[in-house]
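# Remarks on the overall topology
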2 protein chains.
Amino acid sequence: MIFEIHKHLLEDCHVINSDNKRIVLLNKNALIPWIILVPNTHKDWFDLDRGFQESLVLESNTAADFLKKYFSINKLNFASIGNIVPQLHLHIIGRKENDACWPKPVWGNLKDFRPYTDEELKLITDSFRKFIS
Amino acid sequence: MIFEIHKHLLEDCHVINSDNKRIVLLNKNALIPWIILVPNTHKDWFDLDRGFQESLVLESNTAADFLKKYFSINKLNFASIGNIVPQLHLHIIGRKENDACWPKPVWGNLKDFRPYTDEELKLITDSFRKFIS
């Protein structure tokens with residue numbers, strides 16, 4: 001990995017893009033289209049300077065736009081929590097009214113699991129990289 | 001109320017400040033210091049234009065600074081979810097490692113309840129208004 005990332009994040013997610021400023025993850029559970037943006041910082045959201053927050057809002061918007069388009073999503077959740085994994089990571093989560101834990105928040109409420117197929121994962125990864133380029 | 005606000009928000013929270021651009025709420029459960037910022041908009045977070053997002057990040061930062069100072073908080077959660085209450089509202093939540101539902105997110109996991117006393121509520125409200133002025 002280009003910079004160090006918490007093992008729980010790597011266990012739960014696929015890496016779909018990375019450079020020295022951020023790693024973009026996709027939660028392994030295909031039941032919910034769920035991107036996690038991990039910026040290269042040791043600070044928490046409210047401790048970042050304004051410019052850094054601004055850049056992360058823009059990157060989150062782009063991830064949200066990708067989810068909207070790729071997964072036909074109209075509703076998204078956005079969060080910085082980090083109680084268990086202290087490393088800053090921003091959740092950008094596509095929700096649908098018939099999804100696996102609607103209307104509950106995903107954390108702790110997503111009981112079922114379906115993995116992405118290799119083909120699905122490759123398509124999402126390629127599409128995301130094309131989308132942001 | 002200066003603009004219309006979802007009844008669930010009003011049921012769950014005290015209004016600690018309001019004008020025609022935003023209403024600032026304090027969750028009624030004194031076990032977790034929890035501010036909810038309700039901007040005057042019909043759009044969701046990722047559908048806002050950049051300037052509006054920017055202003056809300058700044059206001060969230062101020063609310064976070066207040067929680068840090070007033071409640072001696074070092075860790076905060078930040079979220080826009082809105083699966084049950086579709087009206088945009090931003091959660092700024094002060095967390096401690098010994099709080100009532102640590103390390104779980106607050107939503108759905110805060111089983112205990114303690115109301116603010118009238119005196120506590122007045123002090124918080126006055127302090128918040130002074131803090132932002």
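Residues numbered from 1 in each chain as written. Chains lettered and ligands numbered in written order. Predicted model: local features only at pLDDT ≥ 70, side-chain atom pairs only at ≥ 80, totals over all residues. Heavy atoms only, no water.

Moving on to the sheet that holds strand S1 (residues 13-18) of chain A. Here we have 10 strands laid out as an open sheet, ordered S1(A)-S2(A)-S3(A)-S5(A)-S4(A)-S4(B)-S5(B)-S3(B)-S2(B)-S1(B), and antiparallel in their pairing. The open sheet terminates on both sides in strands that have one partner only, identified here as S1 of chain A together with strand S1 (13-18) of chain B. Taken over all neighbouring pairs, the strand axes of this sheet differ in orientation by 20° on average, direction set aside. For S1 of chain A and strand S2 (residues 22-27) of chain A, the ladder comprises five bridges, and the chain directions are antiparallel. Residue valine 15 of chain A lies in a different strand from S2 of chain A, and its bridge partner there is leucine 25 of chain A. (Pairing = 2+ DSSP bridges. Helix = DSSP H or I, 4+ residues; strand = E, 2+ residues; numbered from the N terminus. Axes fitted to C-alpha atoms, helices over the stretch in contact; angles between N-to-C directions.)

This brings us to a nonpolar patch on the surface. Residues and elements named next belong to chain A. Taken together, the side chains of Met1, Leu10 and Val15 make up a nonpolar region of the molecular surface, amounting to roughly 240 Å² of accessible area. With respect to the helices and strands, the residue valine 15 is situated in strand S1. When its relative accessible area of 31% is taken as the criterion, valine 15 is described as partly exposed. (Patch = residues over 30% accessible without salt bridge, like charges linked within 9 Å, V, L, I, M, F, W, Y side chains within 5 Å. Areas by Shrake-Rupley, 256 points an atom, 1.4 Å probe, with all protein chains shown as cover. Salt bridge = Lys/Arg side-chain N within 4 Å of Asp/Glu carboxyl O. Buried < 20%, exposed > 50% of the residue type's maximum accessible area, 1.4 Å probe, protein only.)

Before going further, it helps to spend a moment on the relation of the copies chain B and chain A. Overlaying chain B on chain A yields an RMSD of 0.0 Å, the required transformation being a rotation through 180° with an accompanying axial translation of 0.0 Å. Each copy turns onto its partner about a two-fold axis. The position closest to the rotation axis in chain B is occupied by the C-alpha of alanine 79 of chain B, lying 2.0 Å away. A high fraction, 100%, of the interface residues of chain B reappear at the interface in chain A, so the copies pair face to face through one surface. (Least-squares fit on C-alpha atoms with pLDDT ≥ 70 in both. Contact = heavy atoms within 4.5 Å.)

This brings us to the packing of aromatic side chains. Counted under the stated rule, the structure contains 14 aromatic pairs over all chains. Ring centres of phenylalanine 66 of chain A and tyrosine 70 of chain A lie 5.3 Å apart, and the angle between their planes is 25°; on these two criteria the pair is classed as stacked. Of this pair, phenylalanine 66 of chain A and tyrosine 70 of chain A both sit in helix H2 (residues 50-70), four residues apart, which is roughly one turn of the helix. Grouping aromatic residues by their ring pairs yields a cluster made of Trp45, Phe46 and Phe78 of chain A together with Trp45, Phe46 and Phe78 of chain B. (Phe/Tyr/Trp six-rings, centres within 6.5 Å; stacked < 30°, edge-to-face > 60°.)

Moving on: the nonpolar core. Ranked by internal contacts, the top residues of the largest apolar core, which has 52 residues, are Ile35, Trp45 and Ile92 of chain A together with Ile35, Trp45 and Ile92 of chain B. Not counting residues up to four positions away in its chain, the partners in contact with tryptophan 45 of chain A are Gln53, Leu56, Val57, Ser80, Leu88 and Leu90 of chain A together with Val57 and Phe78 of chain B. Core analysis: the next-biggest nonpolar cluster, separate from the first, contains 36 residues, Leu9 of chain A together with Leu9, Val106 and Trp107 of chain B among them. (Core = buried A, V, L, I, M, F, W, Y, C linked by side-chain atoms within 4.5 Å.)

A few words on the interface of chain B and chain A. Contact residues are listed per partner, giving 30 residues for chain B and 30 residues for chain A. In this assembly, chain B packs against chain A so that about 2,700 Å² is buried in total across both faces, 53% of it on carbon and sulfur atoms. When the buried area of chain B at its contact with chain A is split by residue, Phe46, Phe78 and Asn83 of chain B rank highest and sum to 29% of it. There are six salt bridges connecting chain B and chain A. The residue aspartate 47 of chain B makes a salt bridge to lysine 68 of chain A at a minimum N-O spacing of 2.7 Å. Counting across the interface, chain B meets chain A through 22 residue pairs in polar contact (both at pLDDT 80 or more). Secondary-structure elements contributing two or more residues to the side of chain B that touches chain A are helix H2 (50-70), strand S4 (75-80) and strand S5 (90-95) of chain B. For the side of chain B that touches chain A, the leading source of residues is H2 of chain B, giving nine residues. Across three bridges, the pairing between strand S4 (residues 75-80) of chain A and S4 of chain B is antiparallel. (Buried area = accessible area lost by both parts, 1.4 Å probe. Polar contact = N/O pair within 3.5 Å; in protein donor to acceptor, adjacent residues only side chain to side chain.)

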